[in-house]
Amino acid sequence: MQGIPLKNLVCVVHDSRLEVHNSTFADNHVTPLMVGDQASVVLGTSSVSSNIVFGRESLGGGMWVEGDANVRITNSSVRGNTAQGDGGGLVVLGNASVVIADGSRVSNNTASSYGGGVAAEGNSSISLTGGSSVSNNTALKGGGGGVYALYTAKVSISNSSVSNNTADMYGGGVAADGNSSISLTGGSRVSNNTATYGGGGVAAWDRSSVSLTGGSSVSNNTASSFGGGVAAFDSSSVSLIGGSSVSNNTAYRGEADLYAADSAVLTGINRAPPMVGA
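Residues numbered from 1 in each chain as written. Predicted model: local features only at pLDDT ≥ 70, side-chain atom pairs only at ≥ 80, totals over all residues. Heavy atoms only, no water.

## What to know about the nonpolar core
And then number 1: Grouped together as the largest cluster of nonpolar side chains are 52 residues, with contacts concentrated most on Met63, Val65, Leu90, Ile100, Ile126, Ile182 and Val210.
And then number 2: Not counting residues within four places of it along the chain, the set of residues in contact with Ile100 comprises Ile73, Leu90, Val106, Val118, Ile126, Ser127, Leu128, Thr129 and Ser132. (Core = buried A, V, L, I, M, F, W, Y, C linked by side-chain atoms within 4.5 Å. Buried < 20%, exposed > 50% of the residue type's maximum accessible area, 1.4 Å probe, protein only. Contact = heavy atoms within 4.5 Å.)

Structure representation (structure tokens):
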């Protein structure tokens, strides 16, 4: 499928393969691209934009991927979509996997709940790589303004950025919840994100883990309460390896860069004296 403006149309893919290039999914009032079972989809040089899904439990404003499906997004944009549940831009469920690559952009999406840009739940996985970005997304009443992972979901961010996202609760940029894991590698950046409570850049809770390796950084993020850069709770863990850093963050009620509570563990971190934003 190539060069088709898919406005006011919905594409549902199950147990098959589809490649979409130079096309647009826009202006729908349901999720326009739904992929399930063992389907495989490639979205190249295309746009998923300005779609809205209604209803309290509605998930994935631009894209819904579930089952054992896999999706690869290359040089494309997922922008300006809205979900009244999780995943303003896209949601990934079950054992499904999504790769966002080659300078793709997830931006200006809104979730009424968790994962303003991207939500990964269940045993799913999301990989953000190749200079791709998650930016200017909002989680209105939940965590993970840019990226949210729940249960045993896995999110990997390599040589990419998460910036200028906002969460009403925890994890303005990135949030890991319920035994999920998020890794940042290859100089990835989490910057200029904002959370109302803790973890302006990154938040981890309920036995989840976050690792930064290969010179990745969390910087210039803000939390209204504690952990402007990173906040960890409830037996979760955060590790910094290989020259990665957490710096120049702001918190108005607690430690500016790093905050840990409730048996959370911070490893590989040489902590500077606590800084509290004014």
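Now that the structure is up, let's keep going.
## A closer look at the sheet that holds strand β33 (residues 230-232)
And then number 1: If you trace the 10 strands from one edge of the open sheet to the other, you get β2-β5-β9-β13-β17-β21-β25-β29-β33-β37, paired in parallel fashion. Pairing within the sheet leaves two strands with one partner each, and these edge strands are β2 (11-14) and β37 (258-260). Averaged over all neighbouring strand pairs, the angle between strand axes comes to 5°, with direction disregarded.
And then number 2: Bridge count for strand β5 (residues 33-36) against strand β9 (residues 63-65) is three bridges, and the pairing is parallel. Across the sheet, Val35 pairs through a bridge with Val65, a residue of β9. (Pairing = 2+ DSSP bridges. Helix = DSSP H or I, 4+ residues; strand = E, 2+ residues; numbered from the N terminus. Axes fitted to C-alpha atoms, helices over the stretch in contact; angles between N-to-C directions.)

## Some thoughts on the sheet that holds strand β16 (residues 110-111)
And then number 1: Read from one edge to the other, the open sheet built from eight strands follows the order β8-β12-β16-β20-β24-β28-β32-β36, with strand pairing classed as parallel. Looking at the sheet topology across the chains shown, the edges are occupied by β8 (52-53) and β36 (250-251).

## Quick word on empty space enclosed by the protein
And then number 1: Inspection of the entire model under this criterion finds one cavity of 30 Å³ or more.
And then number 2: One number sums up the size of the largest cavity: a volume of about 30 Å³.
And then number 3: The wall of the largest cavity is formed by Ile100, Val118, Ile126, Leu128, Val134, Val147, Val155 and Ile157.
And then number 4: Partitioned by chemical class, the residues of the lining of the largest cavity number eight nonpolar, no polar and no charged. (1 Å grid on protein atoms, 1.4 Å probe; cavity = no way out; pocket = protein on both sides within 12 Å on 5 of 7 lines; lining within 4 Å. Points joined across faces, edges and corners; volume = space filled by probe spheres on them. Nonpolar A, V, L, I, M, F, W, Y, C, P; charged D, E, K, R; others polar.)

## Quick look at the pattern of salt bridges
And then number 1: Under the counting rule described, the total for this entry stands at two salt bridges.
And then number 2: Arg17 is the partner of Glu19 in a salt bridge, and the nearest nitrogen-oxygen pair spans 2.8 Å.
And then number 3: Where Arg207 meets Asp206, a salt bridge forms, and the shortest distance between an N and an O atom there is 3.2 Å.
And then number 4: A residue is classified by how much of its surface remains accessible, and Asp206, at 28% relative accessible area, is partly exposed. (Salt bridge = Lys/Arg side-chain N within 4 Å of Asp/Glu carboxyl O.)

## A closer look at the packing of aromatic side chains
And then number 1: Applying the stated criterion across every chain yields a total of seven aromatic pairs.
And then number 2: Where Phe226 meets Tyr259, the ring centres are 4.7 Å apart and the plane angle is 25°; that geometry is what we call stacked. You can see Phe226 sitting in the loop between β32 (222-223) and β33 and its partner Tyr259 sitting in strand β37, a full 33 residues away along the chain.
And then number 3: The exposure class assigned to Phe226 is buried, which follows from its relative accessible area of 18%.
And then number 4: For Tyr259, a relative accessible area of 23% corresponds to the partly exposed category.
And then number 5: Here the aromatic residues Tyr170, Tyr197, Trp205, Phe226, Phe233 and Tyr259 are joined through ring pairs into a cluster of three or more. (Phe/Tyr/Trp six-rings, centres within 6.5 Å; stacked < 30°, edge-to-face > 60°.)

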